[in-house]
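Close look at the chain arrangement
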Amino acid sequence: LDAIESVARAFEAPYIVNFAAQSMVAQSWANPDHWFMTNTVSMVKLHERVRKFPFLKKYVHVSTPEVYGSCSGLVPETAPFNPSTPYAASKAACDLSLLTFKQAYDFPVVFTRAANVAGPAQQLFRIIPKTVLCILTGQKLRLEGGGHSVRSFIHMEDVVEGTIRIARDGTPGEAYHLSTDRNQSIRDVVTEVCGQMNVNFEDHVTTTPGRLGQDAAYLLDCTKIRTQLGWKSLKTVENIVAETIDWVTKNLQTLRAQPADYIHKA
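Structural notes, computed from the coordinates. (Residues numbered from 1 in each chain as written. Predicted model: local features only at pLDDT ≥ 70, side-chain atom pairs only at ≥ 80, totals over all residues. Heavy atoms only, no water.)

**Structural notes on the packing of aromatic side chains**
Throughout the structure, instances matching the rule amount to 6 aromatic pairs. Judged by centre distance (5.4 Å) and plane angle (85 degrees), the rings of Phe101 and Tyr105 are edge-to-face. With Phe101 and Tyr105 both in helix α3 (residues 86–105), this residue pair falls 4 residues apart, about one helical turn. Measuring from ring centre to ring centre gives 5.6 Å for Phe125 and Tyr262, while their planes differ by 85 degrees; the resulting arrangement is edge-to-face. Here Phe125 is found in the loop between β5 (116–118) and α4 (127–137), whereas its partner Tyr262 is found in the segment after α10 (252–256), with 137 residues between them in sequence. Take Tyr262: its relative accessible area is 21%, and that puts it in the partly exposed class. An aromatic cluster is present here, built from Tyr59, Phe101, Tyr105 and Phe107 joined pairwise through their rings. Of note, Arg51 hangs over the ring of Tyr105, and the distance from its end group to the ring centre comes to 3.8 Å. A cation over an aromatic ring shows up here: Lys224 above the ring of Tyr176, its NZ or CZ 5.0 Å from the ring centre. (Phe/Tyr/Trp six-rings, centres within 6.5 Å; stacked < 30°, edge-to-face > 60°. Helix = DSSP H or I, 4+ residues; strand = E, 2+ residues; numbered from the N terminus. Buried < 20%, exposed > 50% of the residue type's maximum accessible area, 1.4 Å probe, protein only. Lys NZ or Arg CZ within 6 Å of the ring centre and 35° of its normal.)

**With respect to the pattern of salt bridges**
Scanning the entire structure with this criterion turns up 15 salt bridges. Among the salt bridges present, the one from Asp106 reaches Lys102, with a minimum N-O distance of 3.3 Å. Here Asp181 makes a salt bridge to Arg226, at a shortest N to O gap of 2.8 Å. Taken together, the residues Asp181 in the loop between β9 (175–178) and β10 (184–185) and Arg226 in helix α8 (residues 223–229) connect sequence positions 45 residues apart. Among the ionic contacts, a cluster of salt bridges with common partners joins Asp2, Glu5, Arg9 and Arg49. (Salt bridge = Lys/Arg side-chain N within 4 Å of Asp/Glu carboxyl O.)

**Re the sheet that holds β9**
Spatial strand order, β1-β2-β4-β9: 4 strands in an open sheet with parallel pairing. Each end of this open sheet is capped by a strand with a single partner; those strands are β1 (15–18) and β9. Mean inter-strand twist for the sheet, computed between neighbouring axes without regard to direction, equals 20 degrees. Sheet contacts for helix α5 (residues 156–169): β1, β2 (58–62), β4 (109–114) and β9; angle to β2, the most-contacted strand, approximately 145 degrees. (Pairing = 2+ DSSP bridges. Axes fitted to C-alpha atoms, helices over the stretch in contact; angles between N-to-C directions. Contact = heavy atoms within 4.5 Å.)

So far we have only geometry, and geometry alone does not tell us how the molecule works.
Structure representation (structure tokens):
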């Protein structure tokens, strides 16, 4: 914390965007205290320092739609929190803490909640690069719950553009969704990967039971950022898959030596 504060004060950073978090959902059940320590307790300690920066114009806190739990229909930013995993609960607790800072200190916080972020150079345990790597190395992809959970996949470049707009022009105390208009099952996305790589789905995928607390769907309404800040997503799932296939293929020798699964660090 001392190092973060020192750097922020040295630059007199008017805008701070916080992406830091323990972000794995299923794994949060194994050590829930680690997720709460990182995503809630440590964040509160950080915010207690940041709120005293006289030069701060906006603090962007990267939250998650997991705070809403499993939902039906398009979810607005005003939807009630209903977290179903330790990860989601730890993020919701932090969001609520920040709202108390906004009320008590007029802390200039804005929240982002993005759909499933993807693109080249993503961690290998994420579904799209993992599928590509399994196909190229002759392994079987284990698809949790048959891949029937419905999500929206958004390119990181679109998320970056939206986050910049929120930092500059977002209204303090408000949350903004970043998503596309296209909602599809994870199975459909894996099928798209197989199609672009000209392989049969059945030859490279095996299904496994769903994980504990897995949300069936969260589909985000992002009308607010489109109407208020003029943002829209530009890249499609097909773009994401094609770029990821190209990245993994070009770097296969290096990526083969990297851990393909999430490794937890306390």
